[in-house]
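Observations on the three-dimensional arrangement
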Amino acid sequence: MLPVLECADGVRRALSPRIAPARKSALGQFMTPQSVARFMASLFPAAGGGCRLLDAGAGVGALSCAFLDRWVAGGFDFTSVAVTAYEIDATLRYHLAQHLGAYAARGVTAEVLAADFIAQASAKCQNGAGAFTHAILNPPYKKINSNSPHRQALRRVGVETVNQYSAFVALSLELMAPGGHLVAILPRSFCNGPYYRPFREFLLSRAALKRMHLFESRNRAFKDDEVLQENIIILLERAGEQGDVVVSTSTDASFADLVEHAYPFAEIVQSGDPERFIHVPTAPGPSALEEMGAIRFSLKDLGIGVSTGPVVDFRLAAHLREKPGEGTVPLLYPVHFREGRLEWPKEGSKKPNAILRNGETEKWLYPNGFYCVVRRFSSKEERRRIMASVVRPDAFPGAEVLGLENHLNVYHEDKRGLPPELAHGLAVYLNSTAVDENFRRSSGHTQVNATDLKRMQYPSRAALSALGTWAMGRGELTQEMIDTQLEALTHAE
């Protein structure tokens, strides 16, 4: 007879292709491969006494089985083990009960619940119930609507979040006894950005962050389910004392090239950061950008602003036009920029190329001029996360104003154009390898918000202008040319 975890993994592989993509999406349902389950179980520190294990969103039970297999093999000294597993999918729940029941002969008691975890756990938190010593989670990845019963239940227990995965982790942590340990695999997107700040504050105020593991390849952890979200595994200790954080990386779920380093917590969550961003360094020491001492200025120091493009197309839909014409002005979307070059008007595009200039649109338009723009979204496998381009006024002869759509971030001076050298210098700087590498350390998603760009450090205004003057005197720039010039310029200051 196969070990239980291997049986569970076989069931996972058999069931996963049969689950309709729409159902996976509806439930946020992505089951854990056995290699990931074993690794997650290995992260718990050795422990004894009675164990109460929580597995919320348990699927077919791979995570619980990996945990129990470690105990059976002598990895824990528990005197008793009780498992509480939640799963709302009836098919998966049947297999979950079978797999956990296989450990009954070892003295494990298992409770398999069909209940809605968010609703039931929120009620338990209100009643002060729950004293789990361990939790192991691969929670569902699905948005929570702002006025939904789930959102209201979470708010009643002090959890403010926008996705089920963060809700599951927050509630599980709240149900744990002091000193209990939680291991979860979840999208890295919670580490930064404004939407997850309350969740980060919730975690960091209740638990010590002990370990993080990052998969360097986006599509390997859940390759059978074609998940492209960047994933991270975390180990938390409820009410623990915060010390150094061990950060490990591997290319994929084989963990064959696992590398780990310990970092001071201050390098993970910077002191005084009101956003409580969680940085995931992938190598010891400062990044290449941080080593450039001349890069130390904020946008405020430079007298530059950055904003999301003001034209929200669905709100101004009646004023959009497929082609430029009488009474229109240019409208720019990300699709108009390719490899740093502007292509306008863009023939055959599904996006409009122009917007009417009238009393309803005037306040959303910028004066024609030089701007540096950054796409807010990049595809997951693009070479760089930050993709910057220059808007040139001579591309729109006769146009007094421009429309800049909301999926662009726009660098400007008080809602007006920049000096040409400065616009070009910003684009060169933002397209450097050093900026990309530094951004990837702090951001696990492909969205680049104006807030992210405001938080960055920049060379001086004079250095950026010099960089722009150099770029304007060249033809097409290669990545090597950009990186070499940036390094030379910043070391010269």
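What comes next is a walk through the structure. In this numbering scheme, every chain counts its residues from 1 along its sequence in written order. At least 70 in pLDDT is required for a residue's local features to be given in this predicted model, at least 80 for side-chain atom pairs to be given and counted, and no such filter applies to totals for whole chains, interfaces and linings, which use all residues. To obtain the side-chain values, all non-hydrogen atoms of the structure were used and water was disregarded.

With that settled, the discussion passes to the environment of Phe439. Secondary structure elements are taken from DSSP: a helix is a run of H or I of four residues or more, a strand is a run of E of two residues or more, and numbering for both begins at the N terminus. The topology assignment puts Phe439 in helix 14 (residues 433-442). The spacing of Phe439 and Arg385 is 54 residues in sequence and 7.8 Å in space, taken between C-alpha atoms. The contact definition used throughout considers only heavy atoms, calling two residues in contact when any of these lie within 4.5 Å. What Phe439 contacts, discounting residues up to four positions off in sequence, is Arg385, Ile386, Gln447, Val448 and Asp452.

Side chains Val401 and Gly403 project from strand 19 (residues 401-404) onto one buried face, and the interleaved Leu402 and Leu404 project onto a second face that is buried too. Inspection of the sheet shows strand 12 (residues 328-332) paired to strand 19 by two bridges, in the parallel sense. The partner of Leu331 across the bridge, within strand 19, is Gly403. Sheet analysis places strand 16 (residues 366-367) next to strand 19, joined by two bridges and oriented antiparallel. Working definition: with a 1.4 Å probe on protein chains only, accessible area under 20% of the residue-type maximum means buried, over 50% means exposed, and in between means partly exposed. The criterion for strand pairing is that DSSP finds at least two bridges linking the strands in question.

What follows covers the pattern of salt bridges. Think of a salt bridge as a Lys or Arg side-chain nitrogen and an Asp or Glu carboxyl oxygen that are within 4 Å of each other. Scanning all chains against the criterion turns up 14 salt bridges. Two residues, Arg206 and Glu174, come together in a salt bridge whose shortest N-O distance is 2.9 Å. You can see Arg206 sitting in helix 9 (residues 197-206) and its partner Glu174 sitting in helix 8 (residues 164-174), a full 32 residues away along the chain. Arg238 serves as the salt-bridge partner of Glu174, at 3.6 Å between the closest nitrogen and oxygen. Here the residue Glu174 occupies a position in helix 8, and Arg238 occupies one in strand 7 (residues 231-238), the gap between them amounting to 64 residues.

Take unusual backbone geometry next. Of all residues except glycine, most have a negative phi; of all peptide bonds, most are trans. In this structure, Pro345 follows Trp344 across a cis peptide bond, with omega equal to -10 degrees. Looking at the element boundaries, Pro345 is found in the loop between strand 14 (341-342) and strand 15 (354-356). In this structure, Phe255 takes a positive phi of about 60 degrees despite not being glycine. With respect to the helices, strands and loops of the structure, Phe255 is situated in the loop between strand 8 (245-250) and strand 9 (259-263). By relative accessible area, Phe255 is classed as buried at 13%. One non-glycine residue, Arg276, adopts positive backbone phi at about 55 degrees.

Membership of the largest hydrophobic core comes to 48 residues, with the highest contact counts inside it found for Phe117, Leu182, Phe190, Met212, Ile234 and Ile268. With residues near it in sequence (within four places) discarded, Ile268 still touches Leu209, Met212, Val245, Val247, Tyr263, Phe277, Ile278, His279 and Pro281. Each nonpolar core is a collection of buried residues, namely Ala, Val, Leu, Ile, Met, Phe, Trp, Tyr and Cys, held together in the definition by side-chain atoms within 4.5 Å.

One can describe the packing of helix 6 (residues 117-126) onto helix 7 (residues 149-156) by two numbers: an axis separation of 9 Å at closest approach and a directional angle of 20 degrees. The orientation of helix 6 with respect to helix 7, classified from their angle, is roughly parallel. In this structure, helix 6 meets helix 7 at a crossing whose hand is left-handed. Two secondary-structure elements touch here, helix 6 through Ile118, Ser122 and Gln126 and helix 7 through His150, Ala153, Leu154 and Arg156. For this scheme, ten residues count as nonpolar: Ala, Val, Leu, Ile, Met, Phe, Trp, Tyr, Cys and Pro. Four count as charged, namely Asp, Glu, Lys and Arg, and the remainder, Gly too, count as polar. Each residue belonging to the contact of helix 6 with helix 7 can be placed in one class, and the counts come to three nonpolar, three polar and one charged. The axes used here are C-alpha line fits, helices contributing only the stretch in contact, and every angle between their N-to-C directions lies in the interval 0 to 180 degrees. Any angle between 65 and 115 degrees counts as roughly perpendicular, while under 35 counts as roughly parallel, over 145 as roughly antiparallel, and the rest as oblique. Helix crossings are classified by the rotation of the near helix relative to the far one: an anticlockwise turn of less than a right angle makes the crossing left-handed, while a clockwise turn makes it right-handed.

Our focus in this paragraph is the packing of aromatic side chains. Here a pair means two rings of Phe, Tyr or Trp (six-membered ring of Trp) with centres within 6.5 Å. Their orientation is stacked below 30 degrees between planes, edge-to-face above 60, and tilted elsewhere. Evaluation of the coordinates by the stated rule reveals 15 aromatic pairs. Arranged with centres 5.6 Å apart and planes meeting at 75 degrees, the rings of Phe190 and Phe199 form a pair that is edge-to-face. Given the relative accessible area of 2%, Phe190 is considered buried. Take Phe199: its relative accessible area is 1%, and that puts it in the buried class. Members of the aromatic cluster, joined through ring pairs, are Phe44, Phe67, Phe76 and Phe78.

The subject of this paragraph is the sheet that holds strand 2 (residues 77-86). A sheet is described by the order of its strands in space; here nine strands give the open sequence 3-2-1-4-5-7-6-8-9, paired in mixed fashion. Pairing within the sheet leaves two strands with one partner each, and these edge strands are strand 3 (109-113) and strand 9. For this sheet the average axis-to-axis angle between neighbouring strands, irrespective of direction, equals 15 degrees. Relative to strand 3, strand 2 is paired through five bridges, and the arrangement is parallel. Pairing of Thr84 across the sheet is with Glu111, part of strand 3. Strands strand 4 (132-137), strand 5 (176-187), strand 6 (207-215), strand 7 and strand 8 of the sheet are contacted by helix 3 (residues 34-42), whose axis makes an angle of about 150 degrees with strand 5. Against the sheet, helix 9 touches strand 6 and strand 7, its axis set at about 125 degrees to strand 6.

So, about the sheet that holds strand 15. Sheet strands associate in pairs through backbone hydrogen bonding, adopting either a parallel or an antiparallel arrangement. A sheet is described by the order of its strands in space; here five strands give the open sequence 11-15-12-19-16, paired in mixed fashion. Strand pairing shows two members of the sheet lacking a second neighbour, strand 11 (320-321) and strand 16, which therefore form its edges.

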